[in-house]
Amino acid sequence: MLTEKEKREAKQLDRESYNVSLYDQPPNEDIKLEEFEKYALDRVRLLTAIENALSSGKKPEELQELIKEKTKSLKLEPKSIADEVSHYALRLAFCRTESLRRQFLTSEVQLFKARFREMKGADKAKFIEHELDYNSMDSKEFEKLKDELMDVLCQARSTGPRGKDREQWMMSEHKRSKYYKVKFENVYQLVKMRDVLVKKGFAYVHESAVDAIVMTEFRAKLSKNLGLAAKRWNAFVESDERARLVPVINSLRTKELGRSDYGSDNANGGPSGTGIVLNKELQRLAEESFPLCAKNLFKAVKHEHHLRHEGRRQLQLYLKGIGLPLEEALVFFKTEFTKKPGCNNEKFEKDYAYGVRHSYGKEGKRVDYTPHSCMKCIAANPSKGEYHGCPFKTFSEEALGAALSQMKIEPSKVTDIVKKAKNKHYQLACSDVFEAVHGGEFIEGGLHHPNQYYEQSRKVLNPKTNEDSDGKEKQAVPTPPQQKEEQTAAAAAAPKVVAA
Amino acid sequence: MTTTKNETLGESGERKEDVKRQKLMEDDDDFEKNQALVKEEVVDVHSLMRPYYAHIFPSKQLFEWLSYEGATSSKESRKDQQQFIQNREFCFTLKGEIFVRYNSYQDEKSLRKDLKTKVPGKIDIGPVFSHNPKNRLAYGGSFKPVERELVFDIDMTDYDDVRTCCDQAKICPKCWPLMNCAVKVLDVGLREDFGFEHILWVYSGRRGIHAWVCDERARKLSDEERSAVAEYFSVFKGVEGGGEKKKTNLSFGSGKRAWGGGKMHPRLEEAYWKVLKPFWEKEFLPAQKLMESKKHFETILSMIPDANVRQKAEFDFNTNKMPTVSRDGDVDVNTWRWQRIVKAVEDELRGPKVNWDLTSCLQRIIFSHVYPRLDAEVSKHMNHLLKAPFCVHPKTGRVCVPIDPENCDAFDPFSSDAPKVHELLQEYKKFGADENAVKKTAMGKALETFERCFWSKLKVANEEEKKKKMMMNNNNVLNESNKNSNAAADMEF
Ligand code: SF4
Ligand SMILES: [Zn+2]
């Protein structure tokens, strides 16, 4: 019988033998501030590389390779001090807003996945038992449940080969050592599919199903911890000895990852934006500063006086992000949409006004939705008659060429850009356009968001903040009326009532 | 009562205008008219709610249950206890379909008082929130549901494509057994597979049943985990093409039949052999006469992927072939026709080439007809309201009463098992001064079922939980005093 201490030590030894960390213990070492900063910046580079690879549509194997390479060159080997410290540093830097958290989570999960894949079978088993607290089955229990386990393994849809090979696979895989006993909550995805045997609150999971579970577990834990970190941030800032870290962390966020999420702060003339925008300025701004995706939508709504749902959504959120107030947006869409025969004011109010307000977070769940990022636009698949998504992906070569020529980009550059787009480097192509129409100025830190394109463009074209230039005009904009809080809120949060 | 009122309306409507108005209404919108009828009954039931809440409604039992004494873990458990129940949402539906959400109560007395003054036609129970729902606006985003029973809702309306006797909200003794079938399948599954012990089954008062799973572990499930449990028990996935094609998400093992291939998930295997198959053959087919109805017969045929079998079955149907009485006097023609299909399938499978789809088609047919059809959305979200047990269904006047799952076949929703509110009040009047008057009414039986099948066990579990937590707290105090501050914990984010 092992003593507690011996068990702990054994666990520690095992821990050292596998090369992946769940980051559930904050590092305990003393490190210098400069090191802290360096590690953190290196991880930012690693994660940014992952993010870019993802958005340019790299295959999983390519991503795996890239991560391996970068990890090596940046010296962020799994479980090294640098790796642990930088992870925790970035947790702090990225915990503050929802979209930063999401961004961090996505890249970290990919990183984890790649590292987990590299692990060998025996190490994997150790990892599963120690880190996830999965228990192996004892032989008595296995004898009792053997047949049912076999039935489940045989019908499970999510694992193992199909067809003829399955029989062979099952013969070799149906062994006690391959099963783990866990609380059903921990593998709810398998429970949902009925791909696991469930008895008295425990699920009996076959090893082949564990990979997917580990990923979700990692993601869930990290997501929760990020939420906690956000909550505790203030306490952290106040504690004396931590105070010196704060500027470093803040700079990580603002300098390197300075990614505002372009929310409605802008439409309220808030700090991150370039001031309020009015309808009468839209035409000019569209020509000067909109990225192609927004230009395209803007043109479509002007010509057709209509946009399908996804298009409306993308454009509304974008306009919110550049600082168009809700009232202006309502007027804009109403003016355009009612030009179309068959759409009068009444129809607009009935069918479309809700959507505009929704985009501004004034209806439904009242979430302040953030404008679509490039990644989101690129992911969209508009069908015929729809104009949303990223034109660098959705346009034919000819159409793209024509659109670029219209922007007075010289032919040789057009060919170049079209080629980049064809090779699926949409954001690079779009950045080239920016450069071409902004006299060689380029987007700092790489393009990742249409609203970032816009803001950079305004900065270049109009270096003075427009706050001083047309401050008076801005005050003429009516401030949005306060919601009648109590009643409307209750009505909006429509109760899900079950009629018996 | 409704019909009589309606008739008088029609008869007295002799003046031309009235007739015209009535006509218009019919042409215009049948729905509206129905609404009008229903409303009349609402008013009727509603007028009885005040005395019902005053004399019969078991607010004490309801409140005691929802308090889960022992559910809290603090040293000052009394205060915590109050906070726990105070954060529970009660939603009232007042006269005229007005929802009043986010009511909450610190004790039974205040609940009773509010019932008296507001006289809701219906009470729904929501989750326990992080804060008192009355003050939710003060907490903004941090106000959120933290726990709630895992609930299930099964409605007879979802079975319209397999019922020949009734449709929509109507139920009768021929279709009601479908609900018993659901109780039997789910109750065993929840207990055996998930280990839940405290399950309250109730008749909804109209056309279905609800289950409240009250184990602490069930109450604390996240929305994802709830969804998973609900999906685990969901097999029927709707109909396509006007009831023609019934979809299921059954999956069968592959490989040779000889070594266990072809089997479903063990939970479904057990449900099939112990509940569904016998129910289908002995009860459901004869009651619904599916094999005599062309429409339903054809649906069943369409699920058999073999022309020979189909031909044989069609022959029986078209020639109106009947079982010979001499051999087995009381064989029902529906059961008999089904057995002929089963035999035809078996014969076919004995042939040289195996049709894998054919091996499972009988299961698919039975599952798609009688396996419980959950309204899974209700189960999936913590923040979902469900009608409270013991309240009165506003449209039928029947009380939402507990069902004994072990003995669900004996529950008869058409009898005083599901008492109507005016009957209860009459009974109550009869026993008048007796202090046990409520117990002597039909509500007495409902409360006995509640106590025996649910509350008595939950109460014991609550007690144990309380003891356990007290011990743990004591230990924690000890530990805390000799724990050194841990530097690493500082950075724990
Ligand atoms: S790359 Fe981004 S900004 Fe450019 S068009 Fe595509 S989505 Fe818009
Ligand atoms: Zn019926």
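The name recorded for chain B in an unreviewed UniProt entry is DNA primase, from Bathycoccus prasinos. UniProt annotates chain B under Sequence similarities (unreviewed entry) with the comment "Belongs to the eukaryotic-type primase small subunit family."

The name recorded for chain A in an unreviewed UniProt entry is DNA primase large subunit C-terminal domain-containing protein, from Bathycoccus prasinos. Recorded under Cofactor (unreviewed entry), the UniProt text for chain A is reproduced unchanged: "[4Fe-4S] cluster".

## Notes on the overall build of chain B
When helices and strands are tallied, chain B shows 21 helices and 11 strands. The buried share among the 493 residues of chain B stands at 50%. In chain B, the share of contacts with a sequence separation of at least 24, taken over all contacts with a separation of at least 6, comes to 66%.

## Brief notes about the site of ligand 1
All names here are of chain A. Pro291, Cys293, Cys374, Cys377, Cys390, Pro391, Phe392, Gln427, Cys430, Leu447 and Pro450 make up every residue found near ligand 1. Every element with two or more residues in the shell around ligand 1 is listed here: α18 (374–379), α19 (391–394) and α22 (426–437). Of the residues contributing to the shell around ligand 1, the split by class is 10 nonpolar, 1 polar and no charged.

## Digging into the packing of helix α9 (residues 177–192) of chain B against helix α12 (residues 266–288) of chain B
Helix-helix packing is described using two parameters, namely the angle between the two axes and the distance between the axes. All names here are of chain B. As a packed pair, α9 and α12 sit with axes 11 Å apart at the nearest point and diverge in direction by 165°. In terms of orientation, α9 lies roughly antiparallel with respect to α12. Crossing hand, α9 versus α12: right-handed. The segment α9 lies against α12, with Pro177, Leu178, Cys181, Lys184, Val185, Val188, Gly189 and Glu192 engaging Arg267, Glu270, Ala271, Val275, Leu276, Phe279, Glu283 and Phe284. Grouping the constituent residues of the contact of α9 with α12 by class yields 10 nonpolar, 1 polar and 5 charged.

## A closer look at the packing of aromatic side chains
This model, assessed by the stated rule, comprises 48 aromatic pairs over all chains. Arranged with centres 6.3 Å apart and planes meeting at 85°, the rings of phenylalanine 184 of chain A and phenylalanine 196 of chain B form a pair that is edge-to-face. With phenylalanine 184 of chain A in the loop between β2 (179–183) and α9 (188–193) and phenylalanine 196 of chain B in the loop between α9 and β6 (199–203), the pair connects residues from two separate chains. Taking the relative accessible area as the measure of exposure, phenylalanine 196 of chain B reaches 1% and is therefore buried. Seen in terms of ring centroids, tyrosine 272 of chain B and phenylalanine 367 of chain B are 5.9 Å apart; in terms of plane orientation they differ by 10°. Their pairing is stacked.

## Comments concerning the sheet that holds strand β11 (residues 402–403) of chain B
Read across the sheet, 4 strands follow the order β5-β7-β6-β11 (chain B) without closing on themselves; strand pairing throughout is antiparallel. The outermost strands of the open sheet, each flanked by one partner alone, are β5 (150–155) and β11 of chain B.

## Digging into the pattern of salt bridges
All names here are of chain B. According to the stated counting rule, one finds 58 salt bridges over all chains in the structure shown. Among the salt bridges present, the one from aspartate 114 reaches lysine 118, with a minimum N-O distance of 3.0 Å. Pair noted here: aspartate 114 and lysine 118 are both in helix α7 (residues 108–118), with a separation of 4 residues, about one helical turn. A relative accessible area of 32% places lysine 118 in the partly exposed class. Note that aspartate 160 is salt-bridged to arginine 163, the shortest N-O span being 2.6 Å. Among the ionic contacts, a cluster of salt bridges with common partners joins Glu147, Glu216, Arg219, Lys220, Glu465, Lys468 and Lys469.

## Section: the coordination of the zinc ion (ligand 2)
Residue and element names in this part refer to chain B. Only Cys165 (SG), Cys166 (SG), Cys172 (SG) and Cys175 (SG) from the protein reach the zinc ion (ligand 2) as donors, at distances of 2.2 to 2.3 Å. With 4 donor atoms in place around the zinc ion (ligand 2) and angles of 102 to 119° between them, the coordination shape is tetrahedral. Counting along the primary sequence, the residues that act as donors to the zinc ion (ligand 2) give the motif C-C-x5-C-x2-C. For cysteine 165, a relative accessible area of 31% translates into the label partly exposed.

Parameters and conventions
- Residues numbered from 1 in each chain as written.
- Chains lettered and ligands numbered in written order.
- Predicted model: local features only at pLDDT ≥ 70, side-chain atom pairs only at ≥ 80, totals over all residues.
- Heavy atoms only, no water.
- UniProt positions renumbered as here; feature names shortened; annotations may be inferred.
- Helix = DSSP H or I, 4+ residues; strand = E, 2+ residues; numbered from the N terminus.
- Buried < 20%, exposed > 50% of the residue type's maximum accessible area, 1.4 Å probe, protein only.
- Contact = heavy atoms within 4.5 Å.
- Near = heavy atom within 4 Å.
- Nonpolar A, V, L, I, M, F, W, Y, C, P; charged D, E, K, R; others polar.
- Axes fitted to C-alpha atoms, helices over the stretch in contact; angles between N-to-C directions.
- Parallel < 35°, antiparallel > 145°, perpendicular 65-115°, else oblique.
- Left-handed = near helix turned anticlockwise from the far one by under 90°.
- Phe/Tyr/Trp six-rings, centres within 6.5 Å; stacked < 30°, edge-to-face > 60°.
- Pairing = 2+ DSSP bridges.
- Salt bridge = Lys/Arg side-chain N within 4 Å of Asp/Glu carboxyl O.
- Donors = N, O, S within 2.8 Å, 3.2 Å for Na, K, Ca; no water.
- Tetrahedral: all angles 85-135°; square planar, octahedral: opposite > 155°, others 65-115°.

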